[in-house]
Amino acid sequence: MADRYQDAIEKAKQRFEEILRGQLERVERIKSQSGAVDYTKLDKIVIGICGGDGIGPIITAAARKVLEELLAGDIRAGRIELRDIEGLTIENRAAHGKAIPDDVMDELYKCHVILKGPTTTPRAGDPWPNIESANVAMRKALDLYANVRPVRVPDKGIDWTFFRENTEGSYAVGSQGIHVTDDLAVDFTVTTTQGTERIARLAFEYARRNGKKRVSIVTKANVIKTTDGKFLNICEEIAKEYPEIVTDEWYIDIMTAKLVDEKRRTDFQVFILPNLYGDIITDEAAEFQGGVGTAGSANIGDRYAMFEAIHGSAPRMVAEGRAKYADPCSMLRATVMMLSHIGKQAESDRLARALDYCMFEDKALVITGRDTGATCEQFTEYVMKNL
Ligand code: IPM
Ligand code: MG
């Protein structure tokens with residue numbers, strides 16, 4: 001028996017060693033980081049803009065237009081540059097056989113923050129090579145460790161902010177699993193002390209600064225004992241530094257149920273979750289707000305930050321000729337977060353208020369994703385009139 005599998009196990013051990021070394025190097029990199037950039041102290045902020053795939057270029061163009069209007073003075077004065085970055089398309093990525101081709105990555109490194117349209121993520125069996133997701137690759141390359149996803153439904157009392165850990169968990173080496181034999185495949189989940197501390201601290205600091213009274217830690221630590229257990233323990237430790245905030249612990253399955261429980265869900269305010277649970281539950285949460293097309297997402301690191309929709313490139317909408325009816329609100333909500341992140345709080349508030357008015361109050365135009373509603377362009381104009 002041992003002999004029969006010896007070669008396969010040796011090969012897998014070697015791959016496993018590479019993975020461990022890679023992750024330990026990452027830990028050392030996190031340890032050596034020197035803290036967050038203060039964008040307000042920069043002479044010039046470069047905002048990179050990538051359209052992406054599918055409906056991406058359409059909704060990203062909408063956000064660009066709004067930025068040109070809101071930041072006109074800063075752009076004219078050379079304090080802010082909107083820089084289009086080409087090549088983050090599935091065609092170009094496939095041609096290079098890379099999640100993010102090197103020349104595109106070089107351009108991204110020259111920016112401070114990035115506004116990114118959704119990109120196609122191939123999986124086995126697609127016409128594309130099965131390369132890593134561009135989002136995931138960018139989050140790792142720029143060390144964007146916090147995925148911050150707000151969901152608000154004012155008339156239902158929902159005001160949630162999800163802090164999804166963004167570089168570890170099942171995503172850390174999600175493209176490096178091992179087919180040990182034809183019959184056995186293994187993936188890995190990663191939790192590090194440093195990676196967990198920084199997401200937990202960011203969430204608690206956010207809660208403290210914004211007068212939030214409750215932080216909910218969501219894991220599956222009863223089953224995924226080692227990595228989720230570590231994640232939970234570290235979050236609990238950090239929670240002790242914030243005695244004024246109530247901290248509670250949930251398992252992801254029951255939390256998924258509680259989000260549809262109208263009596264309980266309004267109690268929740270801030271959530272901290274490992275990567276995969278955060279991915280799944282934020283789609284569910286966004287659905288209450290009007291769908292994933294309405295939700296934006298901030299990917300925050302110390303040096304870089306990237307802002308995007310929470311959804312994908314919607315190839316079905318494109319195939320059915322409905323791309324022009326795509327909802328720009330996800331990218332516009334991402335823009336709200338980006339403006340706030342670079343210190344343009346007044347502009348961020350203006351856009352947030354206009355979006356709230358158009359989406360929740362006035363509703364003179366409605367997006368349905370098809371010809372029964374407004375087009376992306378019409379809705380963008382409507383928002384801009386209400387800035
Ligand atoms: C998201 C998306 C991505 C993710 C995909 C496109 C790789 O679903 O940003 O939530 O899983 O993180
Ligand atoms: Mg997702």
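Please refer to the structure higher up on the page.
About the thresholds
Residues numbered from 1 in each chain as written. Chains lettered and ligands numbered in written order. Predicted model: local features only at pLDDT ≥ 70, side-chain atom pairs only at ≥ 80, totals over all residues. Heavy atoms only, no water. Core = buried A, V, L, I, M, F, W, Y, C linked by side-chain atoms within 4.5 Å. Buried < 20%, exposed > 50% of the residue type's maximum accessible area, 1.4 Å probe, protein only. Helix = DSSP H or I, 4+ residues; strand = E, 2+ residues; numbered from the N terminus. Domains from an automatic or database assignment. Contact = heavy atoms within 4.5 Å. Axes fitted to C-alpha atoms, helices over the stretch in contact; angles between N-to-C directions. Left-handed = near helix turned anticlockwise from the far one by under 90°. Nonpolar A, V, L, I, M, F, W, Y, C, P; charged D, E, K, R; others polar. Near = heavy atom within 4 Å. Polar contact = N/O pair within 3.5 Å; in protein donor to acceptor, adjacent residues only side chain to side chain. Parallel < 35°, antiparallel > 145°, perpendicular 65-115°, else oblique.

Asks: Got a minute to help me understand the nonpolar core in this structure?
Replies: Counting residues in each nonpolar core, the largest one holds 68 residues, and the members touching the most others are Ile47, Leu115, Ile272 and Phe307. No other element matches helix H12 (residues 329-341), which puts eight residues into this core. Here this core spans two domains, since at least three of its residues come from each of domain 1 (1-32 + 145-297) and domain 2 (33-138 + 301-387). Leaving out residues up to four positions away in the same chain, isoleucine 47 has contacts with Leu71, Ile80, Glu81, Leu82, Arg83, Val113, Met338 and Ile342. With 18 residues, the next largest nonpolar core counts Ile100, Met105, Cys111 and Leu144 among its residues.

Asks: Quick question: what am I supposed to make of the packing of helix H13 (residues 345-362) against helix H14 (residues 376-385) here?
Replies: When two helices pack together, their arrangement is given by the angle between their axes and by how far apart the axes lie. Between H13 and H14, the shortest axis-to-axis distance is 8 Å and the interhelical angle comes to 115 degrees. Here the hand of the crossing between H13 and H14 comes out right-handed. Here Leu351, Ala354, Leu355, Cys358, Met359 and Asp362 of H13 lie close against H14, whose contacting residues are Phe379, Tyr382 and Val383. Here the contact of H13 with H14 is composed, by residue class, of eight nonpolar, no polar and one charged.

Asks: In this structure, what is going on with the environment of proline 57? I would like to understand it.
Replies: Examined against the element boundaries, proline 57 turns out to sit in helix H2 (residues 56-70). Separated by 266 residues in the primary sequence, proline 57 and alanine 323 have C-alpha atoms spaced 9.9 Å apart. Setting aside chain neighbours within four positions, we find proline 57 in contact with Gly51 and Gly52.

Asks: Please clarify how the site of ligand 1 should be interpreted in this entry.
Replies: Every residue close to ligand 1 is listed here: Thr121, Ser133, Asn135, Val136, Arg139, Arg149, Arg164, Tyr171, Asp279 and Ile310. Between tyrosine 171 and ligand 1, the recorded distance is 2.6 Å, taken from a side-chain N or O atom to an oxygen atom. Among the elements that make up the shell around ligand 1, the one with the highest residue count is helix H6 (residues 134-141) (three residues). When grouped by side-chain class, the residues that make up the shell around ligand 1 number three nonpolar, three polar and four charged.

Asks: How do you make sense of the packing of H12 against H13 when you look at a structure like this?
Replies: At a minimum axis separation of 7 Å, H12 and H13 run at an interaxial angle of 155 degrees. By the angle between their axes, H12 is roughly antiparallel relative to H13. Here the hand of the crossing between H12 and H13 comes out left-handed. Here H12 contributes Cys329, Leu332, Arg333, Thr335, Val336, Leu339 and Ser340 to the contact with H13, which in turn contributes Gln345, Glu347, Ser348, Leu351, Ala352, Leu355, Asp356, Met359 and Phe360. When the residues that make up the contact of H12 with H13 are grouped by side-chain class, the tally is nine nonpolar, four polar and three charged.

Asks: Help me understand the environment of glutamate 28, please; the structure alone is not making it clear to me.
Replies: Within the fold, glutamate 28 resides in helix H1 (residues 2-31). Overall, glutamate 28 belongs to the partly exposed group, its relative accessible area being 46%. Residues glutamate 28 and aspartate 349, 321 residues apart in the sequence, show an inter-C-alpha distance of 38 Å.

Asks: Would you take a moment to explain unusual backbone geometry for this structure?
Replies: For residues other than glycine, phi is negative in most cases, and the peptide bonds are mostly trans. Backbone geometry at alanine 314 places phi at a positive 55 degrees, although glycine is not the residue there. Within the fold, alanine 314 resides in the loop between strand E12 (305-309) and helix H11 (315-319).

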